[in-house]
Amino acid sequence: MTTGTTGLPSTVATISLSKAQARRVALVAQGFRDPRHTVPTMRTFSRTLGRTGVLQIDSVNVLQRAHYMPLFSRMGPYDVDLLQRASERSPRRLVEYWAHVAAYMPVDLWPYMRRRMEGYRERGHAWTQEKASAQLVDSLMSEIRSDGAKTSRDLDAGLPHQRENWGWNWTETKRALEWLFISGQLAVARRNSQFERMYDVPERVIPQAVLDRPDPTPHETRVELIRRAARSHGVATVHCLRDYYRLTLERGETTADSMLAVEELVESGELLPATIEGWARPAYLHRDAVLPRRVDARALLSPFDPVVWERERTQRLFDFHYRIEIYVPEAKRQFGYYVLPFLLGDRIVGRVDLKADRKSGTLLVQAAYAEEGAPPETAEELAAELWQLAAWLGLDQVVVHPRGGLAEALGATIAR
């Protein structure tokens, strides 16, 4: 067996990878071997986005908004205005849509979401209940077209609120706006200081050249989304590839449809059949994937980071069982409310429950745990990463609470 310039075998029909090799391939694909710049620029940002493909959005702000964290994990401390510039100003590089769940995606993906949009336009969405009434839709669209970007509160006019959908306080106006957004009739121009979506017509948000592109066929759509997922994963099963851009959201989409796309990419040489130690399902390696001898990463991973958002993949790659416990009653939580895995080298070696207490300027480590087999330097490396995170968040101190097997060693290191 020979190896190519990437370090991967180049002369076998099916490539066999150990679990450690697959981990390193996945981490490189996600940008964890890219050099960190002293001052990250828009070029750094674009390179990182090219690795992750999307940035999942979540409203929880106990530490930092979810979409900012994967960039920090890969680039280190950066000016969050880079993301705002890319998503709110011309030339717009990013736009919000349900590309995974709610996420920032490259603006050139808009045409590949049209089939998904059309599906929601016809059938509505569970969170918006059903399609909005024609009268309300016409009224909202008319006002936005004439007056520009608006939030739901701008347009509510005192309508009654209902507490549904995990307690979200949605009015009929908000439901209608969300349906218009998810069906592609409105786009998100930006978020305001309260993190509310500001809805506008697509022609004022999406570059005209992108809007003018013809609709891809369903097959072209799935080929492109699987191609991008494969590039971001490095190596993945069909299940992983379908999940990255949530092809399951497409109307009538089947695993067989996705397999046809995968087979086309295999035939063209873009994907290479592979097996991974301990995985029953066949896998596929992107032709540009790199297998280094080692990965020297050090990063705290958001619960919404692409490395860990598909929990079965995370467990198989890292032997790391991970579940977010935000919606678990406090008494039943095993590790904490907002727990971030700690990546060191090519392994996840610990986890910490973090909170930014902005009033006191403190990064609170409410619990800290080491994984089995964590190296002796785990506490020291984690402490260094916590101090860097605190500085990026504008916090002056790190305080470790005495909960979890790593807390004592971490607290002592922080104190030093």
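Rules behind the numbers
- Residues numbered from 1 in each chain as written.
- Predicted model: local features only at pLDDT ≥ 70, side-chain atom pairs only at ≥ 80, totals over all residues.
- Heavy atoms only, no water.
- Helix = DSSP H or I, 4+ residues; strand = E, 2+ residues; numbered from the N terminus.
- Buried < 20%, exposed > 50% of the residue type's maximum accessible area, 1.4 Å probe, protein only.
- Contact = heavy atoms within 4.5 Å.
- Areas by Shrake-Rupley, 256 points an atom, 1.4 Å probe, with all protein chains shown as cover.
- Lys, Arg positive; Asp, Glu negative; His and termini not counted.
- Charge placed at Lys NZ, Arg CZ, Asp CG, Glu CD.
- Salt bridge = Lys/Arg side-chain N within 4 Å of Asp/Glu carboxyl O.
- Arc of directions from axis to C-beta.
- Pairing = 2+ DSSP bridges.

Novice: I'd love a proper account of the overall build of the chain, names of residues and values included.
Specialist: Across its full length, the chain holds 15 helices and 16 strands. Counting over 416 residues, the chain shows a buried share of 56%. Here the contacts in the chain between residues at least 6 apart in sequence split such that 66% fall between residues at least 24 apart. Per element, the accessible surface of the chain, about 18,500 Å² overall, is 48% carbon and sulfur. In the chain, the 56 positive side-chain charges and the 53 negative ones have mean positions that sit 2 Å from each other.

Novice: Any chance you could break down the pattern of salt bridges for me, citing the residues and the numbers?
Specialist: Going through the model one piece at a time under the given rule, you end up with 31 salt bridges. Of the charged contacts in the structure, one is a salt bridge between Glu 253 and Arg 222, with a shortest N-O distance of 2.8 Å. With Glu 253 in the loop between α11 (238-244) and α12 (255-267) and Arg 222 in helix α10 (residues 218-233), this residue pair connects regions lying 31 residues apart in the sequence. For Arg 222, a relative accessible area of 8% corresponds to the buried category. Between Arg 298 and Glu 381 there is a salt bridge, with its nearest N and O atoms 3.1 Å apart. With Arg 298 in strand β12 (residues 297-300) and Glu 381 in helix α14 (residues 378-392), this residue pair connects regions lying 83 residues apart in the sequence. Its relative accessible area of 26% is what places Arg 298 among the partly exposed residues.

Novice: An account of helix α15 (residues 407-415) is requested, with residue identities and associated values reported.
Specialist: Every buried residue of α15 is accounted for by Ala 407, Leu 410, Thr 413 and Ile 414. Buried residues in α15, looked at end-on, bunch into an arc of 130°, giving them a common side. Exposed side of α15, more than 90 degrees from the buried face: Glu 408 and Ala 415 are the residues found there. Close packing links the buried residues of α15 with β15 (362-370), α14 and β16 (397-400).

Novice: I'd love a proper account of the pairing of strand β14 (residues 347-357), names of residues and values included.
Specialist: With eight of eleven residues buried, β14 is to be regarded as a mostly interior element. Two elements, strand β13 (residues 339-345) and β14, share six bridges in a ladder whose sense is antiparallel. Note on β14: the bridge partner recorded for Leu 343 is Ile 348. Here β14 hands over to β15 after four residues, with Gly 361 in that stretch at a positive phi of 70°.

All we've got here are geometric facts, nothing functional implied.
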